[in-house]
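Read off the chains here:
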Amino acid sequence: MSDRSLLSRVARQITFRRAVSVPALTAAWCALWGSPSAANILSGLLVSSVAVTRGMPARRGGIRVVPLVQLIWLVAVDLVVSTAVVVREVLTPTDFTDEAIIAIPIPPGGRVHLFLSYVAITITPGTAVVAAEADASVIYLHVLHADRRDEVEEHVLTLFDLAERALPLPLPSEVTT
């Protein structure tokens with residue numbers, strides 16, 4: 001195989017999604033390890049490169065900017081609002097929390113974005129994904145305020161919907177190998 005044909009094959013596999021995903025996943029990797037050291041960056045590049053090339057098949061135009069910005073905005077607002085709620089709960093002498101584990105059914109289209117959605121849910125203080133059904137049909141969340149169950153469920157479904165619209169992927173049943 002000539003160098004030109006190898007380079008052209010590699011160039012065809014580089015899509016916008018992959019070009020954006022590799023640095024984003026590498027940054028997430030470094031954040032999880034706590035520092036952007038040379039070893040973390042190199043291992044993050046390796047792991048993210050394998051993940052994007054061996055994951056779902058690449059599709060042209062797979063990133064929808066408006067829903068992606070809406071998703072990022074929603075998560076950012078969630079961080080601010082939920083942090084304020086948790087700070088208020090910690091600083092008040094009376095405990096107003098009514099903790100609960102709630103089950104939320106996941107729509108089929110949202111199941112291809114489980115990791116993204118789990119992270120978006122869990123990074124906001126006051127909620128955490130604690131379990132999921134093996135077939136990814138239901139997730140179980142720990143919440144600080146059980147009386148907000150309906151609001152939390154609607155919000156989680158909005159996160160799944162935005163993730164699905166921002167990064168459309170074929171359902172596992174639609175993937176042909």
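Conventions and cut-offs
Residues numbered from 1 in each chain as written. Predicted model: local features only at pLDDT ≥ 70, side-chain atom pairs only at ≥ 80, totals over all residues. Heavy atoms only, no water. Helix = DSSP H or I, 4+ residues; strand = E, 2+ residues; numbered from the N terminus. Buried < 20%, exposed > 50% of the residue type's maximum accessible area, 1.4 Å probe, protein only. Contact = heavy atoms within 4.5 Å. Areas by Shrake-Rupley, 256 points an atom, 1.4 Å probe, with all protein chains shown as cover. Patch = residues over 30% accessible without salt bridge, like charges linked within 9 Å, V, L, I, M, F, W, Y side chains within 5 Å. Salt bridge = Lys/Arg side-chain N within 4 Å of Asp/Glu carboxyl O. Lys, Arg positive; Asp, Glu negative; His and termini not counted. Charge placed at Lys NZ, Arg CZ, Asp CG, Glu CD. Phe/Tyr/Trp six-rings, centres within 6.5 Å; stacked < 30°, edge-to-face > 60°. Core = buried A, V, L, I, M, F, W, Y, C linked by side-chain atoms within 4.5 Å. Expected span 1.5 Å × (residues − 1). Pairing = 2+ DSSP bridges. Axes fitted to C-alpha atoms, helices over the stretch in contact; angles between N-to-C directions.

Enquirer: Help me understand the overall build of the chain, please; the structure alone is not making it clear to me.
Expert: Helix and strand counts for the chain stand at six helices and three strands. Going from N to C terminus, the chain has its helices and strands arranged as α-α-α-α-β-α-β-β-α. The buried share of the chain, taken over its 177 residues, is 29%. Sequence separation of at least 24 residues holds for 72% of the intrachain contacts in the chain that already meet a minimum separation of 6. A total accessible area of about 11300 Å² is found for the chain, and carbon and sulfur atoms account for 67% of it.

Enquirer: Honestly, a negative patch on the surface in this entry has me stumped. Any pointers?
Expert: Taken together, the side chains of Asp-95, Asp-98, Glu-99 and Asp-147 present a region of like negative charge at the surface. Of note, Asp-98 is situated in the loop between α4 (65-91) and β1 (100-105). Since its relative accessible area comes to 45%, Asp-98 is described here as partly exposed.

Enquirer: Could you clarify how one ought to interpret the packing of aromatic side chains in this entry?
Expert: Ring pairs (aromatic) are described by centroid distance and by the angle formed between their planes. Overall, the coordinates contain one aromatic pair when judged by the stated rule. When the ring of Trp-29 is compared with that of Trp-33, the centres are 6.1 Å apart and the planes differ by 55°; the resulting orientation is tilted. Of this pair, Trp-29 and Trp-33 both sit in helix α2 (residues 16-33), separated by four residues, roughly a single helical turn. Take Trp-33: its relative accessible area is 56%, and that puts it in the exposed class.

Enquirer: Got a minute to help me understand the nonpolar core in this structure?
Expert: The nonpolar side chains of soluble globular proteins are, as a tendency, buried together. Ile-104, Ile-121, Ile-139, Leu-141, Val-152, Val-156 and Leu-159 are the most contacted members of the largest nonpolar core, which has 17 residues in total. Contributing elements (two or more residues each) for this core: α4, β1, α5 (114-122), β3 (138-143) and α6 (149-166). Sort the elements by how many residues they give to this core and α6 lands first, with six residues. In contact with Val-156, not counting residues within four places along its chain, are Ile-104, Ile-121, Ile-139 and Leu-141.

Enquirer: Can you help me understand α4 in this one?
Expert: Because an α-helix packs 3.6 residues into every turn, residues spaced three or four apart end up facing the same way. End to end, α4 covers 39 Å across 27 residues, agreeing with the expected 39 Å (1.5 Å per residue, within 8%). Elements that come into contact with the buried residues of α4 comprise α5 and α6.

Enquirer: Sorry if this is basic, but what is going on with the side chain of Thr-127 here?
Expert: Its location among the elements puts Thr-127 in strand β2 (residues 127-132). Contacts of Thr-127, omitting those with residues within four sequence positions, involve Ile-121, Thr-122, His-142 and Val-143.

Enquirer: Help me understand the sheet that holds β3, please; the structure alone is not making it clear to me.
Expert: What holds strands together in a sheet is hydrogen bonding between their backbones, with the strands either parallel or antiparallel. Strands sit in the order β1-β3-β2 across an open sheet of three strands; the sheet is antiparallel. The open sheet has two edge strands, β1 and β2, and neither has a second partner. Each adjacent strand pair in this sheet contributes to an overall mean axis angle of 30°, direction not counted.

Everything listed is a geometric property; what it means functionally is a separate question.
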